Amino acid sequence: MSQSRDEAQHPSAEKRADAVRVIEVSAAIVFRDRRLLITQRRPQDHLGGLWEFPGGKRESGETFEECLRRELREELGAEFEVGALFDEVTHAYPEKTVRLKFYFCRWLQQEPRPLHCHAVGWITRDELIRYEFPAADATLLEKLRADLALWQ
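Please read these numbers as outputs of a predicted model, since none were measured by experiment.

(A) Molecular detail of the side chain of Asp 137. Mapped onto the elements, Asp 137 comes out in the loop between strand E7 (119-123) and helix H4 (138-146). Here Asp 137 sits buried without a salt bridge, and the closest side chain of opposite charge, Arg 41, lies 7.9 Å off (N-O distance).

Shown next, in the form of structure tokens:
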């Protein structure tokens, strides 16, 4: 079945909606000694060079918590306890939409190291402003900056 020229030039809204992928992501909020754990995206990755909260894409059949435990082991080679959900954000980029769930996590063992990220850092609240994060993290960053009790 062939498309008319008009259909080819102006795809239906339904077809455009199908083209936008929704990626589900779990990410960790880890405090240790009044510092927050952040990682830097590899230069070749989407949004390369920006800083983020460690975590990654949820695979089929995984809970968000299972995803986060797996991603933290793979990305940082360390073990963490996944705790309570802190925030949930949905953000539309031109090429995809991300649904992020941020969980408080507690570092258990092995020092985090950059296995599948470019760099790892433990930063203070005052240092947070020095790092560039993806647009999807903007509201979360504001909450972190505003809540002094989190940094105690």
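Still more to cover.
(B) Examining the pattern of salt bridges more closely. Scanning all chains against the criterion turns up 16 salt bridges. Residue Arg 70 pairs with Glu 74 through a salt bridge whose shortest N-O separation is 3.2 Å. With Arg 70 and Glu 74 both in helix H3 (residues 64-76) and four residues apart, this pair spans about one turn of that helix. What makes Glu 74 partly exposed here is its relative accessible area of 38%. The closest approach of N and O atoms between Arg 125 and Asp 126, which form a salt bridge, is 3.9 Å. The structure contains a network of salt bridges with shared partners spanning Glu 59, Glu 62, Arg 70, Glu 71 and Glu 74.

(C) Highlighting the layout of surface pockets. Roughly 590 Å³ of internal volume is contained in the largest pocket. The wall of the largest pocket is formed by 26 residues, among which Arg 41, Glu 52, Gly 55, Gly 56 and Lys 57 lie closest to the centre. Looking at the lining of the largest pocket, the elements that each hand over two or more residues are strand E1 (21-32), strand E4 (55-57), H3 and strand E6 (96-109). Residues that form the lining of the largest pocket fall into these classes: 12 nonpolar, four polar and 10 charged.

(D) Structural context of the packing of aromatic side chains. Tallied over the full model, the rule gives five aromatic pairs. Where Phe 53 meets Phe 102, the ring centres are 6.0 Å apart and the plane angle is 90°; that geometry is what we call edge-to-face. On the criterion of sequence distance, the pair formed by Phe 53 in the loop between strand E3 (51-52) and E4 and Phe 102 in strand E6 is long-range, its members being 49 residues apart. Of the two residues, Phe 53 and Phe 102, both sit in the buried class. Seen in terms of ring centroids, Phe 53 and Phe 133 are 5.3 Å apart; in terms of plane orientation they differ by 25°. Their pairing is stacked. Of this pair, Phe 53 sits in the loop between E3 and E4 while Phe 133 is found in the loop between E7 and H4, placing the two residues 80 residues apart along the sequence. Like Phe 53, the residue Phe 133 is buried in the burial classification. Among the aromatic residues, ring-to-ring pairing joins Phe 53, Phe 102 and Phe 133 into one connected group.

(E) Molecular detail of H3. In a regular helix each residue adds 1.5 Å, so 13 residues correspond to 18 Å; H3 covers 18 Å between its end C-alpha atoms and thus fits that length. Among the residues making up H3, those that are buried are Phe 64, Cys 67, Leu 68, Arg 70, Glu 71, Leu 72, Glu 75 and Leu 76. Two residues or fewer after H3 comes Gly 77, characterised by a positive phi angle close to 65°.

(F) Broad picture of the nonpolar core. In this structure, Leu 36, Phe 53, Phe 102, Leu 128 and Leu 144 are the most contacted members of the largest nonpolar core, which totals 23 residues. Elements with a minimum of two residues in this core: E1, strand E2 (35-40), E6, E7 and H4. Excluding residues that lie within four positions of it along the chain, Leu 144 makes contacts with Ile 29, Phe 31, Leu 36, Phe 53, Phe 86, Arg 125, Leu 128, Leu 150 and Trp 151. Core analysis: the second largest hydrophobic core is formed by 14 residues, Val 30, Ala 78, Tyr 103 and Cys 105 among them.

Parameters and conventions
Residues numbered from 1 in each chain as written. Predicted model: local features only at pLDDT ≥ 70, side-chain atom pairs only at ≥ 80, totals over all residues. Heavy atoms only, no water. Helix = DSSP H or I, 4+ residues; strand = E, 2+ residues; numbered from the N terminus. Buried < 20%, exposed > 50% of the residue type's maximum accessible area, 1.4 Å probe, protein only. Lys, Arg positive; Asp, Glu negative; His and termini not counted. Salt bridge = Lys/Arg side-chain N within 4 Å of Asp/Glu carboxyl O. 1 Å grid on protein atoms, 1.4 Å probe; cavity = no way out; pocket = protein on both sides within 12 Å on 5 of 7 lines; lining within 4 Å. Points joined across faces, edges and corners; volume = space filled by probe spheres on them. Nonpolar A, V, L, I, M, F, W, Y, C, P; charged D, E, K, R; others polar. Phe/Tyr/Trp six-rings, centres within 6.5 Å; stacked < 30°, edge-to-face > 60°. Expected span 1.5 Å × (residues − 1). Core = buried A, V, L, I, M, F, W, Y, C linked by side-chain atoms within 4.5 Å. Contact = heavy atoms within 4.5 Å.

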